[in-house]
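Listed here are the chains, written in short residue letters.
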Amino acid sequence: MDSRELLKLAEGARLNAYVPYSKFRVGAALLTSDGKVYTGCNIESASFGATNCAERTAIFKAISEGERKFVKLAVASDNSEKNQPTWPCGICRQVIVEFADDMQIITGSSKGDIIEINIKDLLPHYFAKGDF
């Protein structure tokens, strides 16, 4: 699956977001090494600490189904309609490197510019399993 198609799936996933507080919808689409795609959206809670980001939703869905090898993660938000990138937050970046420390992150707009960057470039000097 190419990056534009994956980003389009992330844009669609954002429509399922539950965002009564921020009103900022985010979607993610995670591609596994065997070609499966897991989508996720952000889910807010009145107790803000219980909120979950789209990227982690997609990753946790995949992990819960037994997946462990990931290739690409596309992230889209309402900003995608303005051809603006949406980047994973710091917590999501740490979760991404936990499961795929060489994953490509895709953002931008499926109808416009696409940015692809390696997670190592988004989170250099990350904390890893071998650090303790």
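This write-up is about the structure you can find in this document.

**Description of the packing of aromatic side chains**
Inspection of the entire model under this criterion finds two aromatic pairs. Ring geometry for Y21 and F48: centres 5.8 Å apart, planes at 70 degrees, overall edge-to-face. Of this pair, Y21 sits in the loop between α1 (3–13) and β1 (26–32) while F48 sits in the loop between β2 (37–41) and α2 (54–64), and the two are 27 residues apart along the sequence. Take F48: its relative accessible area is 60%, and that puts it in the exposed class. On the basis of an interplanar angle of 20 degrees and a centroid distance of 6.0 Å, the ring pair of F127 and F132 is categorised as stacked. Classification of F132 by relative accessible area gives exposed; the value is 77%.

**A word on unusual backbone geometry**
One non-glycine residue, N83, lies in the positive phi region at around 60 degrees. Note on N83: relative accessible area 31%, which makes it partly exposed. Look at H125: it is not a glycine, yet its phi comes out positive at around 60 degrees. Relative to the elements of secondary structure, H125 occurs in the segment after α4 (119–122). Given the relative accessible area of 81%, H125 is considered exposed.

Cut-offs and rules
Residues numbered from 1 in each chain as written. Predicted model: local features only at pLDDT ≥ 70, side-chain atom pairs only at ≥ 80, totals over all residues. Heavy atoms only, no water. Phe/Tyr/Trp six-rings, centres within 6.5 Å; stacked < 30°, edge-to-face > 60°. Helix = DSSP H or I, 4+ residues; strand = E, 2+ residues; numbered from the N terminus. Buried < 20%, exposed > 50% of the residue type's maximum accessible area, 1.4 Å probe, protein only.

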